[in-house]
Amino acid sequence: MKSFKSKSWFLPQTVIVIGTYDVDGTPNAMNAAWAGTWDEDEIMISMGNHQTTRNLNDNPDFTVAFATKDTMTAADYVGIVSGKKEKNKIEHTGWTVAKGENVNAPVFTDFPLTLECRIERKIDESETGYYIVAKILNILVREDFIGADGKPDVEKMQLIVYDPVHMDYLEVGKRVGDAFSAGKALK
């Protein structure tokens, strides 16, 4: 095996778009990858010093949309362009914006799956940002991504992940087995 110095190569990293409103009500979005499940109905996100962080200081509500092959270019754009410098960056994405059903935050309806969230607590708050733990209040799934079983068809969504090793986006592949069942073959 080859050794590498310590890096944030935790794989895979989801590509999420965090939606917030600026103080004046302008929709804002940022791309993030350092996020994950905190508990059964909570998530955790590492936030730096961004316009989105400022927005969350004023309003604890936000949305999390999962980036896809089709939304990749615009999702990358909202990650490389700062809301501090480009006030109306959502206009460049072409996304359709709706008001959240359960939160005071924008929903970008071009994404197949969106979580409506509210901050429960901030951890290690400093000038450079903080970690947030947020409650998932509701999950929105576009009708065209509901499977025959009435649940979200994740394979159909063409979700992408971030590869921090090569700084690439990769499309999530197809189903390969049954969780909590495949291992029974070794019993």
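Here, every reference points to the structure presented above.
Because the structure is a prediction, the values reported are computed rather than measured.

Definitions and cut-offs
Residues numbered from 1 in each chain as written. Predicted model: local features only at pLDDT ≥ 70, side-chain atom pairs only at ≥ 80, totals over all residues. Heavy atoms only, no water. Pairing = 2+ DSSP bridges. Helix = DSSP H or I, 4+ residues; strand = E, 2+ residues; numbered from the N terminus. Axes fitted to C-alpha atoms, helices over the stretch in contact; angles between N-to-C directions. Contact = heavy atoms within 4.5 Å. Buried < 20%, exposed > 50% of the residue type's maximum accessible area, 1.4 Å probe, protein only. Arc of directions from axis to C-beta. Salt bridge = Lys/Arg side-chain N within 4 Å of Asp/Glu carboxyl O.

## Details of the sheet that holds strand E1 (residues 13-14)
If you walk across this open sheet you meet the three strands as E1-E11-E12, and the pairing is antiparallel. Each edge of the sheet is formed by a strand with only one pairing partner; in this case those strands are E1 and strand E12 (168-171). Examined bridge by bridge, E1 and strand E11 (residues 160-163) share two bridges and lie antiparallel to one another. If you follow glutamine 13 over to E11, its bridge partner there is tyrosine 162.

## Looking at the sheet that holds strand E6 (residues 61-66)
Across the sheet, seven strands lie side by side as E3-E2-E6-E9-E10-E5-E4; this open sheet has antiparallel pairing. Two strands bound the open sheet, and with one partner strand each, they are strand E3 (27-32) and strand E4 (35-39). Strand-to-strand twist across the sheet, computed as the mean angle between neighbouring axes with direction ignored, equals 35 degrees. Relative to E3, strand E2 (residues 16-21) is paired through six bridges, and the arrangement is antiparallel. Residue pairing in the sheet places isoleucine 16 in a bridge with alanine 32 of E3. Those strands touched by helix H2 (residues 72-80) are E2 and E3, and its axis lies near 95 degrees from that of E3.

## Brief notes about the side chain of threonine 68
Turning to its location among the elements, threonine 68 is positioned in the loop between E6 and H2. Setting aside its immediate chain neighbours within four residues, threonine 68 contacts Pro112, Met157, Gln158, Leu159 and Ile160.

## Quick look at H2
For H2, every residue scored as buried is listed here: Ala74, Ala75 and Val78. The buried residues of H2 all sit within an arc of 105 degrees when viewed along its axis, so they share a single face. Residues of H2 that are exposed and point more than 90 degrees away from the buried face comprise Thr73 and Ile80.

## Considerations on the pattern of salt bridges
Scanning the model with the defined rule gives eight salt bridges in all. Here aspartate 24 makes a salt bridge to lysine 87, at a shortest N to O gap of 3.1 Å. Of this pair, aspartate 24 sits in the loop between E2 and E3 while lysine 87 sits in the loop between H2 and helix H3 (89-93), placing them 63 residues apart in sequence. Accessibility expressed as a relative area gives 35% for lysine 87, which makes it partly exposed. Residues joined in a network through salt bridges with shared partners are Asp22, Asp24 and Lys87.

Just distances and angles here, no functional claims.
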